[in-house]
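One-letter residues, chain by chain:
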Amino acid sequence: MTTLTLHGDTDAAAARSARADDVVVGVRDLRKTYPGRGRRGGHVAVDGVSFDVRRGEILGLLGPNGAGKTTTIKMICGLVRPDAGAIRVEGVDARQQPRRALRHISAVLEGNRNLYWRLSVQENMEYFAGNRGRSRRSVAAEIDTLLEAFALEPKRTALVSELSRGMQQKLAIAVAMLAGTEVVLLDEPTLGLDVETGYEVRDLLRQVARSGRTIIISTHDMPVVQDLCERTVIIHTGRVVTDDRVDNLLRLFATRAYHVRLGAPLSLRQVEALRAGFAGAAVDDDALAFQVELERGEDLYRLVDVLRSERTPIESLDRTGIDFETVFRRLVNGADGVGAPARGAQRGGAAAREERP
Ligand SMILES: Nc1ncnc2c1ncn2[C@@H]1O[C@H](COP(=O)(O)OP(=O)(O)OP(=O)(O)O)[C@@H](O)[C@H]1O
Ligand SMILES: [Mg+2]
């Protein structure tokens, strides 16, 4: 595979090693209520979200449908005005000086809004690079590299309206790359792609990540999170429920999960004892194997007692891997109903504004 060498790579890499800890994007207590229609009250979409993203970090912004991910991303890139809260990008207050802050950001939003459908692939790339003050000549080689890496070379002169959705998505990412900004925001970059294109886009994102840029990805694609993201912020009904490293979360949940294979099927009494006594107990259809979570060391003795009571032979006991999807579901389900304020509650007189970019 072609390795991308892009505008700003060396700068970004140098900056990353020099200031590994510095915060490139910081949001504090962001809030947004969309106005309701008629007599219906407004809808609180983002309800006090705070997080920091450090230089070169890839942050996964996760959460169920309607959690407030897109709204948060649009506030960071200036498409939706927050009711309250602070956004800093490369030290610039994005609410006070939006133009200065936006110089550091490129974004790929749902629906590929950053493309002109009546221009060709190459014209789009040149046009948007030009918008960022880059001359046609200075981007020519980079455009060649991107077209090659994104397998879009055969479509160089095709109009965007003639591209498939997956190709448009790849072009939208390529255009964001050409901007050469430190920060790249990607709202659901693999949404609606076929399996093959999904893999391709994931590969591309991995390369984008290696270029040292600071990336925020909102996604429902758990392999993307597991493969690419170092950290994840999970939001639910407009609030942050988890902010942690992905490997920490996987380790935290994986240490507990076991799979047990038996030499004889479990009795009904044993199945009931497992279900009553252990978290996440799930018995296979043939009753010859089961999954279980052992939260404390002594849980293992209790488990052996259940099996020994009927002299059931144990063939194997293995720690199972856990995927990020399971971790995500546990975290989100755990957040349900915990401390969420009534949605209809009026918030401190903040003037709700409707923005439809
Ligand atoms: N322009 C708008 N006007 C009114 N309400 C909106 C608008 N945009 C979003 N909302 C509401 O705000 C809430 C958060 O929406 P948002 O699009 O930020 O969620 P999301 O986390 O991106 O969800 P998804 O995973 O479905 O993309 C939802 O309840 C949605 O209905
Ligand atoms: Mg969204």
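Calculation criteria
- Residues numbered from 1 in each chain as written.
- Chains lettered and ligands numbered in written order.
- Predicted model: local features only at pLDDT ≥ 70, side-chain atom pairs only at ≥ 80, totals over all residues.
- Near = placed C-beta within 6 Å.
- Helix = DSSP H or I, 4+ residues; strand = E, 2+ residues; numbered from the N terminus.
- Nonpolar A, V, L, I, M, F, W, Y, C, P; charged D, E, K, R; others polar.
- Core = buried A, V, L, I, M, F, W, Y, C linked by C-beta atoms within 7 Å.
- Buried ≥ 20, exposed ≤ 12 C-beta atoms within 10 Å, placed from the backbone.
- Contact = placed C-beta atoms within 7 Å.
- Pairing = 2+ DSSP bridges.
- Axes fitted to C-alpha atoms, helices over the stretch in contact; angles between N-to-C directions.
- Parallel < 35°, antiparallel > 145°, perpendicular 65-115°, else oblique.

## A look at the site of ligand 1
So, point 1. Inspection of the region around ligand 1 gives 12 residues, with Tyr-34, Ala-45, Asn-65, Thr-70 and Thr-71 positioned closest.
So, point 2. Every element with two or more residues in the shell around ligand 1 is listed here: β2 (43–54) and α2 (69–76).
So, point 3. Tallying contributions element by element places α2 first for the shell around ligand 1, with 3 residues.
So, point 4. Looking at the shell around ligand 1 residue by residue, the classes come out as 3 nonpolar, 7 polar and 2 charged.

## Things to note about the nonpolar core
So, point 1. Judged by nonpolar contacts, the single largest core of 75 residues is most densely connected at Leu-171, Ala-174, Val-175, Ala-176, Leu-178, Leu-185 and Ile-216.
So, point 2. The greatest single-element share of this core, amounting to 8 residues, is contributed by helix α6 (residues 165–178).
So, point 3. Ignoring anything within four residues of it in the chain, the contact list for Val-175 reads Asn-114, Leu-115, Asn-124, Met-125 and Phe-128.
So, point 4. Among the nonpolar cores identified, the runner-up in size contains 10 residues, and Val-260, Phe-278, Phe-290 and Val-292 belong to it.

## A look at the pairing of strand β11 (residues 257–262)
So, point 1. Bridging between β11 and strand β13 (residues 289–293) involves 5 bridges; their strand directions are antiparallel. Residue pairing in the sheet places Arg-261 in a bridge with Ala-289 of β13.
So, point 2. Note: β11 against strand β14 (residues 314–319), 5 bridges, orientation antiparallel. Of the residues in β14, the one forming a bridge with His-259 is Asp-318.

## Here's the deal with unusual backbone geometry
So, point 1. Positive phi outside glycine occurs at Ala-151, with the angle close to 55°.
So, point 2. If you trace the backbone, Ala-151 turns up in the loop between α5 (136–149) and α6.
So, point 3. Overall, the presence of 14 C-beta atoms within 10 Å leaves Ala-151 in the partly exposed class.
So, point 4. The backbone phi angle of Thr-237 is positive, close to 40°, even though this residue is not glycine.

## Description of the sheet that holds strand β8 (residues 214–218)
The strands making up a sheet are joined through hydrogen bonds of the backbone, oriented either antiparallel or parallel.
So, point 1. Read across the open sheet, the 6 strands follow the order β6-β7-β8-β3-β9-β10; overall the sheet is mixed. Each of the sheet's edge strands pairs with one partner strand only, and the pair in question is β6 (105–108) and β10 (239–245). Pairs of neighbouring strands in the sheet enclose a mean axial angle of 15°, with direction left out of account.
So, point 2. Strand direction decides the pairing type here: strand β3 (residues 58–62) and strand β9 (residues 231–236), joined by 4 bridges, are parallel. Paired with Leu-59 across the strands is Arg-231, a residue of β9.
So, point 3. Strands β6 and β7 (183–187) of the sheet are contacted by α6, whose axis makes an angle of about 180° with β6.

## Considering the packing of α6 against helix α7 (residues 195–210)
So, point 1. Relative orientation of the contacting elements α6 and α7 amounts to 5°, with a least axis distance of 10 Å. For the element pair α6 / α7, the angle class is roughly parallel. Side by side, α6 and α7 meet where Gly-166, Gln-169, Lys-170, Ile-173 and Met-177 of the first sit next to Thr-197, Val-201, Leu-204 and Val-208 of the second.

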